[in-house]
Amino acid sequence: MMRVITFKNRSVPVYYPSEQLSSVELLHHKLVEMELNFDFRKKWKRIAKVEVIRDVAIFQYNDGTKLYLEVS
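What this report covers is the structure whose coordinates are included nearby. Note that this is a predicted model, so its numbers are computed, not measured.

**Some points on the overall build of the protein chain**
Along the protein chain, the regular secondary structure elements total two helices and five strands. Written out in order from the N terminus, the α and β elements of the protein chain read β-β-α-α-β-β-β. With the C-alpha coordinates aligned to their principal axes, the bounding extent of the protein chain is approximately 30 × 25 × 20 Å. The proportion of buried residues among the 72 residues of the protein chain is 32%. Pairs at least 24 residues apart make up 39% of the contacts formed inside the protein chain by residues separated by at least 6 positions. Seen as two clouds, the 12 positive and the 9 negative side-chain charges of the protein chain have centres 8 Å apart.

**Structural notes on the pattern of salt bridges**
In this structure the tally under the stated criterion is four salt bridges. In this structure, the salt-bridge partner of E25 is R3, at a minimum N-O distance of 2.8 Å. You can see E25 sitting in helix α1 (residues 21–33) and its partner R3 sitting in strand β1 (residues 2–7), a full 22 residues away along the chain. With relative accessibility at 31%, the residue R3 sits in the partly exposed group.

**Details of α1**
For α1, with 13 residues, the first-to-last C-alpha span of 19 Å sits near the 18 Å given by 1.5 Å per residue. For α1, the set of buried residues is S23, V24, L27, K30 and L31. Take α1 and look down its axis: the buried residues cluster within an arc of 115°, on one side only. Facing away from the buried side of α1, by more than 90 degrees, are the exposed residues S22 and E33. The elements touched by buried residues of α1 are β1, β2 (10–15), α2 (38–44), β3 (47–53), β4 (56–61) and β5 (66–70).

**Things to note about the nonpolar core**
If you look at soluble globular proteins, the nonpolar side chains tend to sit buried side by side. Membership of the largest hydrophobic core comes to 19 residues, with the highest contact counts inside it found for V14, L27, W44, V50 and F59. Contributing elements (two or more residues each) for this core: β1, β2, α1, α2, β3 and β4. In this structure, F59 is in contact with L27, F40, W44, I47, K49, V50, T65, K66, L67 and L69, ignoring residues within four places of it in sequence.

Reading the values: the criteria
- Residues numbered from 1 in each chain as written.
- Predicted model: local features only at pLDDT ≥ 70, side-chain atom pairs only at ≥ 80, totals over all residues.
- Heavy atoms only, no water.
- Helix = DSSP H or I, 4+ residues; strand = E, 2+ residues; numbered from the N terminus.
- Buried < 20%, exposed > 50% of the residue type's maximum accessible area, 1.4 Å probe, protein only.
- Contact = heavy atoms within 4.5 Å.
- Lys, Arg positive; Asp, Glu negative; His and termini not counted.
- Charge placed at Lys NZ, Arg CZ, Asp CG, Glu CD.
- Salt bridge = Lys/Arg side-chain N within 4 Å of Asp/Glu carboxyl O.
- Expected span 1.5 Å × (residues − 1).
- Arc of directions from axis to C-beta.
- Core = buried A, V, L, I, M, F, W, Y, C linked by side-chain atoms within 4.5 Å.

Shown next, in the form of structure tokens:
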């Protein structure tokens with residue numbers, strides 16, 4: 001399934017299995033925690049999409065590289 005999340009005036013699609021809706025909510029709370037992290041905010045500008053698999057969010061950049069973030 002897909003859901004769109006907005007962080008710092010930028011919307012990004014989040015793909016997740018249908019039974020993992022709670023992990024998407026954890027991702028949202030983790031983004032709120034990361035709001036003051038300047039390095040993450042710079043990286044967020046280049047994110048193309050996010051995949052949530054269990055307790056890990058995989059951020060994929062425009063150039064194909066990935067950043068892994070534990071959301072639990």
